[in-house]
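# Observations on chain architecture
Chain by chain, the residues:
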Amino acid sequence: MGQYYKNSKIGTCEMMYYLRLNTAKKLAEQGEKDDDNIPFKDYLTDDVTKFRFPFPNEDDKENELVSILNYAPTVRFQAYNLNLDHGNMWLSTGVTDNINISFPCVYSQEFKDLVTDRKVTSSTIGTQYIDVLMQAVRMGKTRTVFQCPRCNNMAWFTEDDISKWKEQVIPLYAPSHLDDETSKAKKLEMLEIINRIS
């Protein structure tokens, strides 16, 4: 099931992988509808639809997003105070007699309890990370949609949560002669975009 606009794919179900929010707003202002006759203004008010995050390196491709090969890029940060509800992870043995195993996300309290109760053993899980995934309009406000890199559950957070999170994250990207400054600059640029839209 895909969503199309003028025969170009813009997304699948509520995930507009190839359509940025600001482009959807322009289309809504023009009274445009997708190929299923759904007005773009409905996508902006349904509290369900998610849009492609405005990654800075794609700014020159905004009007040709359907040509982008990576349909769901992400940028990873340490999670700190951004806690989301976790789901299950899947493990496949990948052998001839393949077995698929479902278990709680390694970042979840349920998984931590299993380790504590010695029902499962695990190597050190380490730092919890969270991915910047998409944008959405929720309760009339533009939000950044984050995703757990392990179980892929998604969430958005309040301005207060984002502000506290950024206080913890920004110092990680302070200039240093030891690190790749280009990579740090890109992360700081992402944080500034998140600040503007969340």
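In the block above lies the structure referred to throughout.
Residues numbered from 1 in each chain as written. Predicted model: local features only at pLDDT ≥ 70, side-chain atom pairs only at ≥ 80, totals over all residues. Heavy atoms only, no water.

A few words on the pattern of salt bridges. Applying the stated criterion across every chain yields a total of four salt bridges. Lys141 is the salt-bridge partner of Glu159, the closest N and O atoms lying 3.3 Å from each other. Here the residue Glu159 occupies a position in helix 4 (residues 159–169), and Lys141 occupies one in strand 9 (residues 141–147), the gap between them amounting to 18 residues. Owing to a relative accessible area of 33%, Glu159 belongs among the partly exposed residues under this scheme. The exposure class of Lys141 is partly exposed, given its relative accessible area of 42%. For Arg143, the salt bridge goes to Glu159, with nearest N and O atoms at 3.1 Å. Here Arg143 is found in strand 9, whereas its partner Glu159 is found in helix 4, with 16 residues between them in sequence. In this structure Arg143 comes out as buried when scored by relative accessible area, which is 5%. (Salt bridge = Lys/Arg side-chain N within 4 Å of Asp/Glu carboxyl O. Helix = DSSP H or I, 4+ residues; strand = E, 2+ residues; numbered from the N terminus. Buried < 20%, exposed > 50% of the residue type's maximum accessible area, 1.4 Å probe, protein only.)

The next subject is helix 1 (residues 21–29). When we look at burial in helix 1, the residues that qualify are Leu21, Thr23, Ala24, Leu27 and Ala28. End-on view of helix 1: buried residues confined to an arc of 160°, all on one side of the axis. Packed against the buried residues of helix 1 are strand 1 (3–5), strand 3 (15–20), helix 2 (40–45), strand 4 (50–52), strand 8 (129–138) and strand 9. Looking one or two residues past helix 1, Gly31 carries a phi angle of roughly 75°, positive in sign. (Arc of directions from axis to C-beta. Contact = heavy atoms within 4.5 Å.)

It is worth spelling out the nonpolar core at this point. Inside soluble globular proteins, nonpolar side chains tend to come together where they are buried. In this structure, Phe77, Phe146, Phe157, Trp165 and Ile194 are the most contacted members of the largest nonpolar core, which totals 27 residues. When residues of this core are traced back to their parent elements, those giving at least two are strand 5 (75–78), strand 8, helix 4 and helix 5 (181–197). When residues of this core are assigned to their parent elements, the largest contribution, four residues, is made by helix 5. Ignoring anything within four residues of it in the chain, the contact list for Phe146 reads Leu82, Ile130, Asp131, Val132, Leu133, Asn153, Met154, Ala155, Phe157, Ile162, Trp165 and Ile194. Core analysis: the next-biggest nonpolar cluster, separate from the first, contains 13 residues, Leu27, Ala28, Tyr43 and Phe51 among them. (Core = buried A, V, L, I, M, F, W, Y, C linked by side-chain atoms within 4.5 Å.)

What follows covers helix 4. Within helix 4 the residues assigned to the buried category are Ile162, Trp165, Lys166 and Val169. Along the long axis of helix 4, the arc covered by the buried residues comes to 100°, so they all point the same way. Exposed and facing more than 90 degrees away from the buried side of helix 4 are Asp160 and Glu167.

Attention now goes to the packing of aromatic side chains. Enumeration over the complete set of coordinates arrives at seven aromatic pairs. Note on Phe53 and Phe55: the rings are 5.1 Å apart at their centroids and 55° apart in plane angle, and the pair reads as tilted. Across the pair, exposure class does not vary: Phe53 and Phe55 are buried alike. Members of the aromatic cluster, connected to one another through ring pairs, are Phe77, Phe146, Phe157 and Trp165. (Phe/Tyr/Trp six-rings, centres within 6.5 Å; stacked < 30°, edge-to-face > 60°.)

Below, the discussion takes up the environment of Phe157. Mapped onto the elements of the fold, Phe157 is located in the loop between strand 10 (154–155) and helix 4. It is 8.0 Å that separates the C-alpha atoms of Phe157 and Val145, two residues lying 12 residues apart in sequence. Contacts of Phe157, omitting those with residues within four sequence positions, involve Leu82, Asn83, Leu84, Ile130, Arg143, Phe146 and Ile162.

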